[in-house]
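Summary of the model geometry
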Amino acid sequence: TVNADENLQAPIVLELFTSQSCSSCPPADKILKDLASKNDNIIALSCHVTYWNHLNWKDTLSQESCTDRQRGYVISLDSRGPYTPQIVINGQTEMVGSREAQIKKAIDNIKTPLQIINLSQDNENLNIVLPAMPKEQYIVTLISYGQEHTENIQTGENRGKIVEYTNPVTKIKPLSPWDGAKGTMELSNSELQGDKQIVVLIHKDSPRGPIVAAGKINLTQ
């Protein structure tokens, strides 16, 4: 059995909506990398959008699911946009992803810590232990992400730049509604073929509502 990171306490989920074609994004990409490397409890995700792909360079990491996710946040957070770089903290707060001091202040001011989702993998399944929550409507979401990625950008606004990307999202999969009762959800390993690193999030009310719990695991396959 492979278990999740036992040291993960009060996780903080940072989702950076970014693009290799956006000239304002590299500073935000660096901030995300720095925050993730210095804080074990930060779950950092680079969600590469598709809508800048017309600017002479197609983002090699772009996912339509990231574009859709950001559009959902624009509605739920009543933010301007969509725009890049945008960072969303715990699905509850958004700001320009290159404003490091503002991001750190928002992290320091988190009032309600996220609960921990314990994840483990055996020979057959990924086991998701859902914590007891107030009885409401929740959505459980699985996000797969890749290793650190370095891109040498050949054309477009970032031509000539070599940029490092942290935990680029490869798949976003809503699992099922949930009522808050403590229990275990199972996903067969066959459903996770090709996935290496997994984050499971619990959103309140909608797939892009506030995040109330999070967990992560590195898979063996």
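Residues numbered from 1 in each chain as written. Predicted model: local features only at pLDDT ≥ 70, side-chain atom pairs only at ≥ 80, totals over all residues. Heavy atoms only, no water.

1. Quick notes on the overall build of the protein chain
Within the protein chain, the secondary structure is distributed over three helices and 15 strands. Taken over C-alpha atoms, the radius of gyration comes to 17 Å for the protein chain, in line with the 17 Å a tight globule of 221 residues would show. Counting only C-alpha atoms and orienting by the principal axes, one finds that the protein chain spans roughly 50 × 35 × 30 Å. Across the 221 residues in the protein chain, those meeting the buried criterion constitute 50%. Within the protein chain, contacts between residues separated by at least 24 positions form 70% of all contacts whose residues are at least 6 apart in sequence. Taking the 21 positively charged and 25 negatively charged side chains of the protein chain as two groups, their mean positions are separated by 5 Å. (Helix = DSSP H or I, 4+ residues; strand = E, 2+ residues; numbered from the N terminus. Rg over C-alpha atoms; globule rule 2.2 N^0.38 Å. Buried < 20%, exposed > 50% of the residue type's maximum accessible area, 1.4 Å probe, protein only. Contact = heavy atoms within 4.5 Å. Lys, Arg positive; Asp, Glu negative; His and termini not counted. Charge placed at Lys NZ, Arg CZ, Asp CG, Glu CD.)

2. Considerations on the state of the cysteines
Throughout the structure, instances matching the rule amount to one disulfide. The disulfide that involves C47 links it to C66, with 2.3 Å between the sulfurs. Residues C47 and C66 are joined by a disulfide whose S-S torsion is about -90 degrees; by sign, that bridge is left-handed. Separated by 19 residues along the polypeptide, C47 in strand β3 (residues 42-48) and C66 in helix α2 (residues 64-76) bring together distant segments of the chain. Just as C47 is buried, C66 falls in that class too. (Disulfide = S-S within 2.5 Å.)

3. Notes on the pattern of salt bridges
All chains considered together, the criterion is met by nine salt bridges. Residue K30 is joined to D34 by a salt bridge in which the shortest nitrogen-to-oxygen separation is 2.9 Å. Placement of both K30 and D34 in helix α1 (residues 25-38) is noted, with a separation of four residues, approximately one turn of the helix. By relative accessible area, K30 is classed as exposed at 51%. The exposure class of D34 is partly exposed, given its relative accessible area of 22%. One salt bridge in this structure joins E191 and K173, with 3.2 Å as the shortest N-O distance. (Salt bridge = Lys/Arg side-chain N within 4 Å of Asp/Glu carboxyl O.)

4. Digging into the sheet that holds strand β14 (residues 197-204)
Spatial ordering of the open sheet is given by β6-β15-β14-β9-β12, a layout of five strands whose pairing is mixed. Each edge of the open sheet carries a strand with a single partner, namely β6 (115-116) and β12 (169-178). Of the strand pairs in this sheet, strand β9 (residues 138-145) and β12 are connected by eight bridges, and their pairing is antiparallel. Counted as the bridge partner of V140 is S176 from β12. Strand contacts of α2: β9, β12, β14 and β15 (211-218), with the helix running at about 55 degrees to β12, the strand carrying the most contacts. (Pairing = 2+ DSSP bridges. Axes fitted to C-alpha atoms, helices over the stretch in contact; angles between N-to-C directions.)

5. Some remarks on the side chain of S46
Considering the arrangement of structural elements, one finds S46 in strand β3. Of the polar contacts made by the side chain of S46, one reaches the backbone oxygen of T166; its length is 2.6 Å. If we ignore the near neighbours within four places in the chain, the residues touching S46 are L16, T18, L32, Y165, T166, N167, P168 and V169. (Polar contact = N/O pair within 3.5 Å; in protein donor to acceptor, adjacent residues only side chain to side chain.)

6. Quick look at α1
With 14 residues, α1 should cover 20 Å at 1.5 Å per step; its first-to-last C-alpha distance of 20 Å lies within 8% of that length. Listed in full, the buried residues belonging to α1 are C25, P26, A28, D29, I31, L32 and L35. Packed against the buried residues of α1 are β2 (12-18), β3, β4 (86-89), α3 (100-108) and β11 (162-165). (Expected span 1.5 Å × (residues − 1).)

7. Some words on the sheet that holds β4
A sheet is described by the order of its strands in space; here four strands give the open sequence β3-β2-β4-β5, paired in mixed fashion. Edge strands, defined here as strands with exactly one partner in the open sheet, are β3 and β5 (93-96). Between one strand axis and the next, the sheet turns by 20 degrees as a mean value, whatever way the strands run. In this structure, β4 lies alongside β5, joined through four bridges in antiparallel fashion.

Purely spatial values, then, with no claim about function.
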